[in-house]
Amino acid sequence: MTQDSGLKTLDSIIRCSWAGSDPLYIKYHDEEWGKPVYDDKTLFEFLILEGAQAGLSWITILRRRENYRKAFAGFEVEKVAAFTEKDVERLMNDEGIIRNRLKVNGAITNARLFIEIQKEFGSFSKYMWNFVPDGKPILNSIEKMSDVPPRTELSDRISKDMKKRGFKFFGTTICYAHMQATGMVNDHLLNCCAR
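Residues numbered from 1 in each chain as written. Predicted model: local features only at pLDDT ≥ 70, side-chain atom pairs only at ≥ 80, totals over all residues. Heavy atoms only, no water.

1. Regarding the packing of aromatic side chains
The following threshold applies: Pairing of aromatic rings covers Phe, Tyr and the six-membered ring of Trp, with a centre-to-centre limit of 6.5 Å; geometry is then stacked below 30 degrees between planes, edge-to-face above 60, and tilted otherwise. In this text, helices come from DSSP runs of H or I with a minimum length of four residues, and strands from runs of E with a minimum of two, each type numbered from the N-terminal end. When accessible area is computed with a 1.4 Å probe and restricted to protein chains, residues below 20% of their type maximum are described as buried, those above 50% as exposed, and intermediate ones as partly exposed. In this scheme, Lys NZ or Arg CZ marks a charge over a ring once it lies within 6 Å of the ring centre and within 35 degrees of the ring normal.
Following the criterion strictly, the structure yields 14 aromatic pairs and no others. Plain terms: the ring middles of Phe 44 and Phe 114 are 5.1 Å apart, the flat faces sit at 65 degrees to each other, and that makes the pair edge-to-face. Of this pair, Phe 44 sits in helix α2 (residues 40–53) while Phe 114 sits in helix α7 (residues 101–121), placing them 70 residues apart in sequence. Each of the two residues, Phe 44 as well as Phe 114, counts as buried. Three or more aromatic residues joined by ring pairs make a cluster, and in this case those are Trp 18, Tyr 25, Tyr 28, Trp 33, Phe 46 and Trp 58. Above the ring of Phe 83, the side-chain terminus of Arg 90 is found at 5.2 Å from the ring centroid.

Spelled out as structure tokens, the structure:
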């Protein structure tokens, strides 16, 4: 079995090869990635985390997830939207997160825009899932990891709309990763245990 077509781990379960052997990655792969999310708080959490991940590996962010939860007020969007310059300085001194001023400011901007979308659509979830045909997860037939696209026409469309609204760090590749993380699209291998 090639790594590309799945990875049989020590527990003899076949998973997507990117899950590797790190217990944190395996737990995330098995319990979260590709599972549909309709809860605005969780969608906001992934918006913050995916933006922080830009240019870095996902495991880098996953290992700091609890630090992000503390630093960003438990991912309470109203609290993050109210962050001031004093909060930005606090975050820039927080060694538990990625200390990139553009990303920190982007997260605060995105929180404010997230609330605007909630007001316009009733929830961020309704806004996002409205892009997906019939509001149901897209189940891709992935036989090997090299078949997983970095972006799609749908992620292009969502990203374009969000950028037009002013969102930061949400290009089409980050958008597609967000779609995978929140189960709008299921890119687990066909033979994966988490499919």
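From this point, the discussion proceeds with the structure in view.
2. Quick look at the pattern of salt bridges
Rules: Counted as salt bridges are all cases of a side-chain nitrogen of Lys or Arg within 4 Å of a carboxyl oxygen of Asp or Glu.
Under the defined criterion, the tally for this structure stands at 16 salt bridges. Here Glu 76 makes a salt bridge to Lys 41, at a shortest N to O gap of 2.9 Å. With Glu 76 in the loop between α4 (65–71) and α5 (77–81) and Lys 41 in helix α2, this pair connects stretches of sequence that are 35 residues apart. Assessed through its relative accessible area of 39%, Lys 41 is described here as partly exposed. The salt bridge partner of Asp 147 is Lys 144, with a shortest N-O separation of 3.2 Å. Judged by relative accessible area, which is 38%, Lys 144 ranks as partly exposed. Bridged by salt links that share partners, the residues Glu 32, Glu 45, Arg 65, Glu 66 and Arg 69 form one connected network.

3. What to know about empty space enclosed by the protein
Where we set the bar: Site definitions follow a grid-based scheme: protein atoms alone, a 1 Å grid, a 1.4 Å probe that fits but cannot get out for cavities, and for pockets an open set with protein on both sides within 12 Å along at least five of seven lines, plus lining residues having an atom within 4 Å of a point. Grid points are joined across faces, edges and corners, and a volume is the space filled by probe spheres set on the points. Residues are sorted three ways: Asp, Glu, Lys and Arg are charged, Ala, Val, Leu, Ile, Met, Phe, Trp, Tyr, Cys and Pro are nonpolar, and all the rest, Gly among them, are polar.
For the structure shown, the criterion picks out 1 cavity of 30 Å³ or more. Put simply, the parts of the chain that give the lining of the largest cavity at least two residues each are α2 and α7. Take the lining of the largest cavity: its biggest share by element is 5 residues, from α7. Of the residues that constitute the lining of the largest cavity, the class distribution is 10 nonpolar, 3 polar and 1 charged.

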